[in-house]
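# Fold and geometry: a report
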Amino acid sequence: MKKDFRVKGFLFSGISAGIKKNESEDLGLIYSEVPSQVAGVFTTNKVKAAPLELNMERIKRGVSQAVMINSGNANACTGKRGLRDARKISSFLAKNLRIDDNLVLLSSTGVIGVPLPVEKIERGIPELIERLSPDGWWNTVRAIMTTDTFPKSEVETCKIYGSEVKLCGMAKGAGMICPHMATMLSFLVTDINIRAPLLQLMLCRAVDQSFNRITVDGEMSTNDMVLILANGKAGNPPINQKDRGAELFYSMLLEVTKELAKSIVKDGEGATKLIEIVVRGCKNKKDAERAAYAIAHSPLVKTAFFGEDANWGRIISALGHADIRVNPDRIDLFFDKVPVVRNGVGLGGQFEKKAESVLKKKNFKVVVDLHQGKGEFSILTTDLSLDYVKINASYRS
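Residues numbered from 1 in each chain as written. Predicted model: local features only at pLDDT ≥ 70, side-chain atom pairs only at ≥ 80, totals over all residues. Heavy atoms only, no water.

## So, the environment of Ile324
Rules: For the purposes of this entry, the term helix denotes a DSSP run of H or I that reaches at least four residues, the term strand denotes a run of E that reaches at least two, and both are numbered from the N terminus. Each residue's exposure class comes from its accessible area (1.4 Å probe, protein chains only) as a fraction of the maximum for that residue type: buried when under 20%, exposed when over 50%, partly exposed otherwise. Throughout, a residue-residue contact means that at least one pair of heavy atoms, one from each residue, lies within 4.5 Å.
The residue Ile324 is located in the loop between helix 9 (312–320) and strand 10 (332–335) in this model. The buried category is assigned to Ile324, whose relative accessible area is 16%. Setting aside chain neighbours within four positions, we find Ile324 in contact with Asp287, Arg290, Ala291 and Leu370.

Shown next as structure tokens:
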């Protein structure tokens, strides 16, 4: 059944403004008919693109009405000019929408270090506004894509105090994916009646359990953000942190963000495998997290996954430099449910052959148990293929 991405009070559009060389959609707009409560999470990279600097200041007010996204140009590492350009475009959009400039948020994704083509974007804004429609969702989704091979969208609905509440989310991301946050953008819209502080709290929790649990190549971008707008059009009484309505909405939010995060990893540049790394039995959760990242970021481990080689020694080696306490004589390792290491010693060729059949699957799990405590952490990652090198070697050409 075809999913319905229409949300009460929200309009969407996407056009080609000539920013990308291939003339595909590269300018998208999300617009709420009324000012909405807003929350956001932004990259922890110390080098932040101009639109993030603008958004991080404006979002403190907790209210927004429009989000414009361009792809093909990141407006990052563009100095004072980049911020001036962002402010100029924001002002131009606000004037054409007839809303306050401070209600506009911006997002850019694409090549770093190139000035934003302001004139192209300003020429495209009247058409972008003219094409706003409740049915324009997929035009916006396509407009935010860069190296993505497929569009990423999710929708959930539920009843809260008798009112039907809808939550829709879109995302882009395929390469430069690393937790805190990954190289990605995500925009979520909902008609629930909720205040910005609670929305911010819920978004941070959901991001920690979804977008911050994925990695493709360990690289972190300058432009990553997740934004959520809530316009209250569902008509439910305002929810508060301790009631059942908050639990229901958070469940929806977590489901949507987790599925979007999974889609990003599935679309990892050149990826042929979706792999869950589970590390348990650590002294604490932080040690388990470090160990999982060490495995997931290892080029040797990832290339072994691509080659469908059950080379468990590479995983053990990655654990050994994870800056955690490890007793080599207590490590157990599994591919799905197939054991290949017990108490730090390989179980032999027969088990490795069974493990290699697991590695031929598109999706599988690697489980490492250190038997040193109750700390556990999981993360989604990919293999590292020849296509990854080709895609990133020619990204700017």
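## Quick word on the packing of aromatic side chains
Inclusion rule: Note on aromatic contacts: the rings of Phe and Tyr and the six-membered ring of Trp form a pair at centre separations within 6.5 Å, being stacked when their planes are under 30 degrees apart, edge-to-face when over 60 apart, and tilted otherwise.
Throughout the structure, instances matching the rule amount to six aromatic pairs. Each ring, one from Phe10 and one from Phe12, has its centre 6.5 Å from the other, and the planes form 20°; the classification is stacked. Considering the side-chain rings of Phe12 and Trp137, the 5.1 Å spacing of their centres and the 80° angle between planes classify their relative orientation as edge-to-face. Placement of Phe12 in strand 1 (residues 10–15) and of Trp137 in helix 4 (residues 137–143) is noted, with a sequence separation of 125 residues between them.

## Regarding the pairing of strand 7 (residues 185–190)
Condition: Two strands make a pair as long as DSSP finds a minimum of two bridges between them.
Within strand 7, six of the six residues are buried, which leaves it mostly tucked inside the rest of the structure. Of the two faces of strand 7, the one holding Leu185, Phe187 and Val189 and the one holding Ser186, Leu188 and Thr190 are both buried throughout. Pairing geometry for strand 7 and strand 8 (residues 225–230), over six bridges, is parallel. In the sheet register, Phe187 faces strand 8, and the bridge partner there is Leu227.

## Focus: the environment of Gly346
Relative to the assigned elements, Gly346 resides in strand 12 (residues 345–346). Residue classification places Gly346 among the partly exposed positions, given a relative accessible area of 28%. For Gly346 and Trp312, which are 34 residues apart along the polypeptide, the C-alpha to C-alpha distance reads 8.3 Å. In this structure, Gly346 is in contact with Trp312, Val340 and Val341, ignoring residues within four places of it in sequence.

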